[in-house]
Structures are given as C-alpha cells and as structure tokens.
Amino acid sequence: MLDLAFVRGNLELVETKLRARGADPAALLGDFLALDKRRREAITQSEQAKARRNELSQQVGALKKAGKNDEAAALMDETRALKDKLDELDRAATELDEQLRQSLARVPNLTRDEVPSGTSEADNKVVKTWGQPGKFDFQPKPHWEVGEALGILDLERAAKLSGARFAVYMGAGARLERALISFMLDLHTRKHGYTEVLPPFMVNSKSLFGTGQLPKFAEDLFRCSDADAEGAARGEYKDNDHWLIPTAEVPVTNLYRDEILDEARLPLSLTAYTPCFRAEAGAAGKDTRGIIRQHQFQKVELVKFTRPDESDAQHEQLTRDAEEILEALKLPYRRMLLCTGDTGFSSAKTYDLEVWLPGQNLYREISSCSNFEAFQARRANIRFRPGGPKSKPEFVHTLNGSGLAVGRTWLAILENYQQADGSVLVPEVLRPYMGGMDRIVREQ
C-alpha cells in the first residue's frame, strides 16, 4: 500500500506512474484530493471541538467551586452538545479514512524509474543470458510427451481425480519432484544462509491483504467455505477464515505482521517449500498442454526482510540465489527485467528468470524475483527501529522470489535432458537425491 502522505504530496507523480502501468488513475483514486480534504477538515473540527470541551470543563469546575451553579449548568449544556458533535465528527472522519484506505488498497505499487516502459511481456528487457541451448540430433519433444511415454506423468488420471490443470507424478517422476525440493532447500539453507520455514498451507484474509492478493485478486484464489470473498472485496479482512495459499510468500511474509523486527536480524532470509493453489481465473485457454499452468503445484520460495538502504543489493542477491539452482542443474536461462505493464501489483521492480525449453522452442518463466520496497510492509505493518530500541519505527522492505517453481524445473529437466531413446538423464547434482539413479527409463 502506498503512503497516504506521499500520495497527497506527489499526486501528479503517482498518476504518471499508474498510467505507465496501463492503469487509470481516476478509476483507482477517484477524487482523492477532495476526499482527503474532507477527512482532514473533519479531523481539524474534531480537534477544535475537543479543545473547546476541555476549556468548558475547566470553566465548569471553577464556577462550581465559586458556587455559581446556574452558570455552570449552562456551560454543561454546551459541553453535552459538543459531545454529540464530536461523536458525529469522529464517525465522519472514520468513514472518510476507511474510504481512503479502501481506495489506496486497490492502487498498485509504483515501479522504479529504471523499469522499462511497456504494456506487455513483449516490452520486457533481456538483462543476461546463461548457457547455450543444447543441440539435439533428433526432434526434441515437449515434456508432456516425454513424461507420458516414460510413465512418470499422468494427466489423464489427474483429470479423472480433480479435473483439468492437475497432474499425477508416478515412480521416478514423483521421486524427481521430491529430489528437486530437497536439493533447492539444501542449497538455499546450507550455502545461501536462508532459514527454512514450513508454514501452514491455508491463511486468513488479513494475510492475503498483507501481501497484496486481496482485495484485487480474490478470483484467482481458492477459498474455503468459511472465507467471505464479498466481504474481502469490501475490505473486511478476517483472522479466522481460510484460503489456500497461492504461494509461500503469503504465510512467510505475514509471519511478522504487526511486529517490529530487531534491526540486528536484518536482512532476514527465509525459504519455504509449499504446495501452491491458484484458480487461474484469467488463464482460460492458456497453456492447456502439459504442466506449465496448474491449479496445484509445488514451489520453493525465497523471502527477505531488509533495511530500505539494503533492499536493492538484497534483490540482486536473491535473484542470484535462484539463478544458482538453474546453473547447478545446467539449464540454460535468461534474466528479464519486467516492463511497467508486466510488473506485478505489489512490486516496484521484478526480474523474471526464464528457462529454455527445447521441446517447445521457447523460454518460459521459472522464477519471479521482486522488490516490493515498503508496499507489503505497510499493508502488513512490519517495521524495525533503525536507530536502536528508542528510535521511531520504520517499515522494512520485503522481497521474494521462486527458488524455484518445482514443476517447471521438473519439466525443464525432461525437455533439456531427454535422449533419442526416450530416456531422460538425471542432472549430476540430483543423483544423490535420486538414490544414485542417473537415467529415467520406462518402468516395466
């Protein structure tokens, strides 16, 4: 969420940044200045009325002490009238404040100046490439053909169980998924210094508001029967309802909601494996083949809490940590700086890592690494004291990225390591996690 005072003092800049995202400032902010003026006027009138009430109370006491009860009674009538006026002014200020809060809750973060202008992924900028796409002496197949031929991927039975956009992994396929999770967690905790977290896979509405999924993206979430999507759309965020998490970013970031972190702990780096659940409401007809876009998938997430002056460096480090997984697996990839129109709602700057898929002859996103600056921390009220225990708290900066999306890493291995005989070589770094297995062949 943007800072109210910042929006008030920089409205023209905010509107320009929103247009760069392809958003309509008028639709998001409405008559922001007029609403804010009314709110401040109500607060000023309330403060003036409170001051007059206090003054009258002192006068009433003095009059009673002097035995002038009739004069005191007259002033007491005025005091009672002021109380009613105060109640009315406080209600008005509260209502106007809530209107402003709900308006700002729907406003995306402002992208950094170095983020390229653009309207879609076609305008994203290639920052680096790593590795060369392998050369095949045969026509490489897409992962769904490789996996089904090996008997390790069963989409037909998954559809019988749960419908479209689900997958069943069998045998070595299931083991490969588990191996990838363990490998990623080991590398991030042992080499990169992250603390492993195993959070709940269901969260409440307040958590989803904190990281920016609510209220805007309710239709992309799976909610349990006790979750009120209409209430969430109105800004009613409960702490006793449940939604399935779309990413570990949500529970891990909200671990410290409404807390003040010890500055000495920053930067705080956490990693978590979780399943993720997404309704993919806006993805009808997209990526219908294979396991690129699923309702349920696994992910190892990286989350950082940093001082504002360290967040740029930590964003670069987090992205490198994710890249190291791809390099260890020897999977060619490229790093993309997302343009203004393709940057996510809560992010100020995002790098996408895209892995090469020879079976489809394209690069595909496998990780999204974002610097949210104070946007999420302000929504979730996560702060630190920059000058010691008696200093004024400030909002931390939060960052997160996939380290990596496990299913997409799985399919990238199938496509890049496939052999002419239909088998798939196991990357060397994964073989200890696969019980020494060096090749996946069809099990009889």
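Residues numbered from 1 in each chain as written. Predicted model: local features only at pLDDT ≥ 70, side-chain atom pairs only at ≥ 80, totals over all residues. Heavy atoms only, no water.

A. Structural detail: the overall build of the protein. Along the protein, the regular secondary structure elements total 14 helices and 17 strands. Taken along its principal axes, the extent of the C-alpha atoms in the protein is 105 × 45 × 40 Å. Taken over 444 residues, the protein has a buried fraction of 50%. Within the protein, contacts between residues separated by at least 24 positions form 73% of all contacts whose residues are at least 6 apart in sequence. Summed over all atoms, the accessible surface of the protein reaches about 21000 Å², with 47% contributed by carbon and sulfur. In the protein, 62 positive and 67 negative side-chain charges are present, and the distance between their average locations comes to 1 Å. (Helix = DSSP H or I, 4+ residues; strand = E, 2+ residues; numbered from the N terminus. Buried < 20%, exposed > 50% of the residue type's maximum accessible area, 1.4 Å probe, protein only. Contact = heavy atoms within 4.5 Å. Areas by Shrake-Rupley, 256 points an atom, 1.4 Å probe, with all protein chains shown as cover. Lys, Arg positive; Asp, Glu negative; His and termini not counted. Charge placed at Lys NZ, Arg CZ, Asp CG, Glu CD.)

B. Region of the structure containing the pairing of strand β9 (residues 296-306). Counting buried residues in β9 gives 10 out of 11 residues, a clear majority hidden from the surface. Of the strand pairs in this sheet, strand β8 (residues 268-277) and β9 are connected by 10 bridges, and their pairing is antiparallel. Its bridge partner being in β9, F277 is matched across the sheet by Q296. Taken together, the seven bridges between β9 and strand β15 (residues 397-405) define a ladder with antiparallel strand orientation. In the sheet register, L302 faces β15, and the bridge partner there is G401. (Pairing = 2+ DSSP bridges.)

C. Looking closely at the packing of aromatic side chains. By the definition in use, this model includes nine aromatic pairs. Between F136 and F138 the ring centres are 5.3 Å apart and the planes differ by 80°, which places this aromatic pair in the edge-to-face class. F138 sits in the partly exposed class, given a relative accessible area of 23%. A connected cluster of aromatic rings, assembled from ring pairs, spans F217, F345 and F375. (Phe/Tyr/Trp six-rings, centres within 6.5 Å; stacked < 30°, edge-to-face > 60°.)

D. Quick peek at the sheet that holds strand β13 (residues 382-384). Here three strands make up an open sheet; going across it, the order is β7-β13-β14 and the pairing mixed. Since the sheet does not close on itself, it has two edges, and those belong to β7 (259-261) and β14 (394-395), each with one partner. Bridge count between β7 and β13: three bridges; the pairing is parallel. Its bridge partner lying in β13, L261 is registered against F384.

E. Looking closely at the sheet that holds strand β1 (residues 125-130). With respect to topology, eight strands assemble into an open sheet ordered β1-β10-β11-β12-β15-β9-β8-β4, the strand pairing being mixed. Edge strands, defined here as strands with exactly one partner in the open sheet, are β1 and β4 (195-197). Between one strand axis and the next, the sheet turns by 25° as a mean value, whatever way the strands run. Against the sheet, helix α8 (residues 172-191) contacts β4, β8, β9 and β15, and its axis sits at roughly 10° relative to β9. (Axes fitted to C-alpha atoms, helices over the stretch in contact; angles between N-to-C directions.)

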